Amino acid sequence: QKEVEQNSGPLSVPEGAIASLNCTYSDRVSQSFFWYRQYSGKSPELIMSIYSNGDKEDGRFTAQLNKASQYVSLLIRDSQPSDSATYLCAVLYGGSQGNLIFGKGTKLSVKP
Amino acid sequence: DGGITQSPKYLFRKEGQNVTLSCEQNLNHDAMYWYRQDPGQGLRLIYYSQIVNDFQKGDIAEGYSVSREKKESFPLTVTSAQKNPTAFYLCASSVSHRGAGNTIYFGEGSWLTVV
């Protein structure tokens with residue numbers, strides 16, 4: 001069974017620090033990886049997508065992918081209290097969005 | 001504005017009732033999806049549709065039904081056969097159903113509570 005694992009947290013970091021969120025997945029036949037942010041009671045919003053090994057940066061966010069280790073991470077630099085949310089990792093198995101599997105999310109708390 | 005509109009935002013269902021959640025998108029996306037989210041849980045796929053007049057079951061389709069008569073619309077009916085329907089329901093869409101680069105975007109969600 002294809003799975004996506006995330007530490008549920010909460011992960012607590014001080015304002016201005018780097019938050020590191022991790023995700024592992026079970027199947028090597030994975031093509032695309034997504035990070036969504038979900039505020040309490042709201043719908044998920046896309047932060048980053050990554051398809052190739054290595055790092056992808058967008059503003060304060062960096063996604064890192066290591067397919068050999070089946071590991072994807074999200075770094076948030078200069079964390080702000082507004083970053084406090086649950087971060088969902090999603091992995092696409094195969095070429096069909098019907099096979100997009102979500103982790104249960106990591107709750108991040110940024111303390112002022 | 002382009003986007004995905006779900007209604008109602010909050011809905012209460014009595015035991016034995018069927019209820020329908022609306023989802024409309026004006027993004028010209030071909031593919032649409034329904035997910036369910038329970039507290040502390042990840043999203044689980046209920047149904048998805050790649051094209052008008054066609055749809056496929058996801059992981060937890062029992063007790064739900066959908067239709068796709070128009071490209072813009074993908075309503076979800078929660079039937080009385082769904083024994084534990086209280087959850088947050090999310091409609092989503094993507095440009096197409098296939099392709100590694102296609103990203104799924106979500107509507108604002110609908111909260112369904114059984115009373």
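Please read these numbers as outputs of a predicted model, since none were measured by experiment.

S.K.: Can you break down the overall build of chain B residue by residue, with the values?
M.R.: If you tally the helices and strands in chain B, you get 0 helices and 11 strands. When the helices and strands of chain B are read in sequence order from the N terminus, they spell out β-β-β-β-β-β-β-β-β-β-β. For chain B, whose C-alpha radius of gyration is 13 Å, the value lies close to the compact-globule estimate of 13 Å for 115 residues. With the principal axes as the frame, chain B shows a C-alpha extent of 40 × 30 × 30 Å. Counting every position in chain B, which comprises 115 residues, the buried fraction comes to 49%. Contacts spanning at least 24 positions in sequence make up 53% of the contacts within chain B whose residues lie at least 6 apart.

S.K.: Explain the state of the cysteines to me, using residue names and the numbers behind them.
M.R.: Residue and element names in this part refer to chain A. One pass over the full model with this rule turns up 2 disulfides over all chains. Sulfur-sulfur distance for the disulfide between C23 and C89 comes to 2.1 Å. Classification of the bridge connecting C23 and C89 rests on its S-S torsion, roughly -75 degrees, and on that basis the disulfide is left-handed. Highlighted residues: C23 in strand β3 (residues 19-25) and C89 in strand β9 (residues 85-93), separated in sequence by 66 residues. Taken as a pair, C23 and C89 share a single burial class, namely buried.

S.K.: A description of the sheet that holds β3(A) should follow, citing residues and the corresponding values.
M.R.: All names here are of chain A. Pairing is antiparallel across the open sheet formed by 5 strands, whose spatial order is β1-β3-β8-β7-β6. Of all strands in the sheet, those with a lone pairing partner are β1 (4-6) and β6 (54-58), marking the two edges. When strand polarity is set aside, the average angle formed by the axes of neighbouring strands in this sheet is 20 degrees.

S.K.: So, the sheet that holds strand β3 (residues 19-25) of chain B: which residues are in play, and what are the values?
M.R.: Residue and element names in this part refer to chain B. A sheet is described by the order of its strands in space; here 4 strands give the open sequence β1-β3-β8-β7, paired in antiparallel fashion. Lying at the two open borders of the sheet, with one neighbouring strand each, are β1 (4-7) and β7 (64-66). Between one strand axis and the next, the sheet turns through 20 degrees on average, direction left out of account. As judged from the 3 bridges shared by β7 and strand β8 (residues 76-78), these two strands associate in the antiparallel manner. By the bridge assignment, S65 is partnered in β8 with T77.

Criteria and thresholds
Residues numbered from 1 in each chain as written. Chains lettered and ligands numbered in written order. Predicted model: local features only at pLDDT ≥ 70, side-chain atom pairs only at ≥ 80, totals over all residues. Heavy atoms only, no water. Helix = DSSP H or I, 4+ residues; strand = E, 2+ residues; numbered from the N terminus. Rg over C-alpha atoms; globule rule 2.2 N^0.38 Å. Buried < 20%, exposed > 50% of the residue type's maximum accessible area, 1.4 Å probe, protein only. Contact = heavy atoms within 4.5 Å. Disulfide = S-S within 2.5 Å. Pairing = 2+ DSSP bridges. Axes fitted to C-alpha atoms, helices over the stretch in contact; angles between N-to-C directions.

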